[in-house]
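Chain and residue survey
Okay, here's what each chain looks like letter by letter:
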Amino acid sequence: MSSRPALVLMALTSFFILPGAAFQSQTADSVPDLIAQDELQKAEALLKDQAPSPEKSALQGEIEYRRGDFEKAGSLYAAALATDSRNARAYFGQGKLAMAKMRTKAAIRLLSRAVELAPKEPQYRLYLSEAYGVERNMPEQRKHLEAYIALNPKDEDRITEAKAGLEMLDVFKGIDIGKVEAPAKPAAVRFRKSLNLIFADVMVNGQGPFNFAIDTGASQTVFSEALGNRLGLKPVTTTIIHGVGGLGKVESKIYKADELQIGDVKIKNLPVGTFDDPLITALADGIIGTAMLSDFVMTVNYPESRLELFREAPKDDAAERIPAWYFNNLLLVPVQLNDDKRGNFIIDTGAVTTVLSHTTAAMLGVNENTPGAKIALPLGGVGGMQGTILQVPDVTMKTGENSESFERLIAIDLKPISKMIETEIGGVIGFDFLENYKLTIDYNNAEVWLSK
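Below: a short report on this structure.

Criteria and cut-off values
- Along each chain, residues carry numbers from 1 onward, in the same order as the chain's sequence is written.
- Totals for whole chains, interfaces and linings use every residue, but because this is a predicted model, local features are given only for residues with pLDDT of at least 70 and side-chain atom pairs only at 80 or more, for both listing and counting.
- As a rule here, side-chain values cover all heavy atoms of the structure and leave hydrogens and water aside.
- Strands are runs of DSSP state E lasting at least two residues, helices are runs of H or I lasting at least four, and both sets are numbered from the N terminus onward.
- We call a residue buried when its accessible area falls under 20% of the maximum for its residue type, exposed when it is over 50%, and partly exposed in between, using a 1.4 Å probe and counting protein chains only.
- Note on contacts: a residue pair qualifies if any of its non-hydrogen atoms lie within 4.5 Å across the two residues.
- Each polar contact in these results corresponds to two N or O atoms within 3.5 Å; when the atoms are within protein, one needs to be able to donate a hydrogen and the other to accept it, and residues that are neighboring in sequence are counted only if both atoms are side-chain atoms.
- Throughout, nonpolar core names a set of buried Ala, Val, Leu, Ile, Met, Phe, Trp, Tyr and Cys residues whose side chains join them through atoms within 4.5 Å.
- For this analysis, a salt bridge means a side-chain nitrogen from Lys or Arg found within 4 Å of a carboxyl oxygen belonging to Asp or Glu.
- To obtain an axis, a line is fitted to C-alpha atoms, over the contacting stretch when the element is a helix, and the angle between two such axes runs from 0 to 180 degrees between their N-to-C directions.
- Here the word oblique covers every angle except those under 35 degrees (roughly parallel), over 145 (roughly antiparallel) and from 65 to 115 (roughly perpendicular).
- The sense of a crossing depends on the near helix, which, turned anticlockwise from the far helix by less than a right angle, makes the crossing left-handed and, turned clockwise, makes it right-handed.
- Note on residue classes: Ala, Val, Leu, Ile, Met, Phe, Trp, Tyr, Cys and Pro are nonpolar, Asp, Glu, Lys and Arg are charged, and everything else, Gly too, is polar.

Things to note about the overall build of the protein chain
- The helix and strand inventory of the protein chain stands at 14 helices and 25 strands.
- Expressed as a percentage of its 452 residues, the buried residues of the protein chain come to 57%.
- Considering only contacts within the protein chain whose residues lie at least 6 apart along the sequence, 66% involve residues at least 24 apart.

With respect to the side chain of E259
- With respect to the helices and strands, the residue E259 is situated in strand β9 (residues 249-262).
- Residue E259 is classed as buried on the basis of its relative accessible area, which comes to 15%.
- Polar contacts involving the side chain of E259 include one to the side chain of K268, which spans 2.5 Å.
- If near-sequence neighbours (up to four positions away) are discounted, E259 is found in contact with M203, V204, N205, K266, I267 and K268.

Describing the nonpolar core
- In this structure, F223, L260, L293, L307, M397 and I429 are the most contacted members of the largest nonpolar core, which totals 107 residues.
- Tallying contributions element by element places helix α5 (residues 88-100) first for this core, with 8 residues.
- With near-sequence residues (within four places) excluded, L307 lies in contact with A188, V189, F191, I214, I262, L293, M298, T299 and V300.
- A213, V222, F275 and A284 belong to the second-largest nonpolar core, a separate cluster that totals 9 residues.

Details of unusual backbone geometry
- Of note, the amide linkage connecting G208 to P209 takes the cis form, showing an omega dihedral of 10°.
- Its location among the elements puts P209 in strand β6 (residues 207-215).
- At N328, a position not held by glycine, the phi torsion is positive, near 50°.
- Looking at where N328 falls in the secondary structure, it is placed in the loop between β15 (325-327) and β16 (330-337).

Quick look at the pattern of salt bridges
- All told, the structure shown has 26 salt bridges when counted by the stated rule.
- The shortest N-O distance in the salt bridge between R321 and E447 comes to 4.0 Å. Taken together, the residues R321 in strand β14 (residues 320-323) and E447 in strand β25 (residues 447-451) connect sequence positions 126 residues apart.
- Where salt bridges share partners, they join E44, E64, R67 and K72 into one cluster.

Topic: the environment of K253
- Among the structural elements, K253 can be located in strand β9.
- Judged by relative accessible area, K253 falls into the partly exposed class, the value being 30%.
- The spatial distance from the C-alpha of K253 to the C-alpha of T274 is 5.7 Å, given a sequence separation of 21 residues.
- Setting aside anything within four residues of it in sequence, one finds K253 in contact with E225, P235, T237, T238, V272, G273 and T274.

Details of the packing of helix α3 (residues 54-67) against helix α4 (residues 70-83)
- Direction vectors running N to C along α3 and α4 enclose 165°, while the axes themselves pass 8 Å from each other. Relative to α4, α3 is oriented roughly antiparallel. The chirality of how α3 crosses α4 is left-handed. Taken together, the residues of α4 that come into contact with α3 (itself represented by P54, S57, A58, Q60, G61, E62, E64 and Y65) are F70, K72, A73, L76, Y77, A80 and T83.
- Considering only residue class, the contact of α3 with α4 consists of 8 nonpolar, 4 polar and 3 charged.

Description of the packing of helix α6 (residues 104-117) against helix α7 (residues 122-134)
- The contact between α6 and α7 brings their axes to 9 Å, and the two run at 155°. In terms of their interaxial angle, α6 and α7 are classed as roughly antiparallel. Note that α6 runs across α7; the crossing there is left-handed. Residues T104, I108, L111, S112, A114 and V115 of α6 pack against Y124, R125, Y127, L128, A131, Y132 and V134 of α7.
- The residue inventory of the contact of α6 with α7, partitioned by class, reads 10 nonpolar, 2 polar and 1 charged.

Quick look at the structure:
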């Protein structure tokens, strides 16, 4: 079973186009509303005075999930169900946790139970449609996308994305999306390092080669509009891509690529997004979202400048194996900072540098009011230029067995991406952390390996 969802409704791309969403303003006067808006302290304040109940436990689980404490969230969901086996929110939470560990069959069972108990809750339908997409059950994915839209949720961006998803299902009806053709032992793909990014040659529909960035922090593969025009591709629908800066989002055309080839691996019938940023277009013809290669265990071998693809996990007794969490084709790993702080970080070969979130910077004692913390650094993406950028001195990051120390790291606003994937992002692990490692990613088992 591939871990690659057939359709990624919430398109995110990484440091070229660092994820960020602009959310519709809502009146937040209930605990679920406050949680949805990431107003977690206010949600806790409302919950504090409530009598113990299964629903209270489930809501507390949602708060911990949003904070990235998945173990605690799981315990709270289980506690809710121990006293009320019909608590839909607790089943929903357990379903999300199962999805984040790529246990999709369990996720479908749990999310289906949540839908059964609360059929008018749009969010449950949306997650269930994603789970069916991972299992490549297109009829069920369509059914729950249609139900999601019919329930008229107050989220214009996600409605737009869901409608685009339905249009893509029409285009790909009866077609094996993302079909992989490759030899039993694919040859390693050489990549080039430039500007703290990695690039490889990619053929598209038999033409090329074209220069693509290899990006573990992109949820889907995207082309420049210039490349789409050169290839004569016609858009099949439009959706929204979220990114750093400005309004945090732009409209993106979606194409159907008949075939992408990297090395001797061919991916057929792939939906791809587009970007039209002139700076990004000057650097690359496109961005490979590595989840399209999730049929393989993948090693980004920085020291030897090659991408290695394996049908089965390679033997590497020296590697540190880090349990990861999977969200929208992105992998998050737990990181310890300066001995006593922690956060969940995106593994991102498309990030030119490692960054912290403003929330993590605050945990380390730096905020906008810290003397000398604000810096003028041009950093932008698909949505425009990034706002407040802070510098945080003397940061050591540990994954368990490996650590890297930095004289300073920058911190940016990652709240929008946290809202998008509905859990706190502590930062992004980029080139300056990864450049001396062999980075192995096993999407199907939600695991990341680091070795030198």
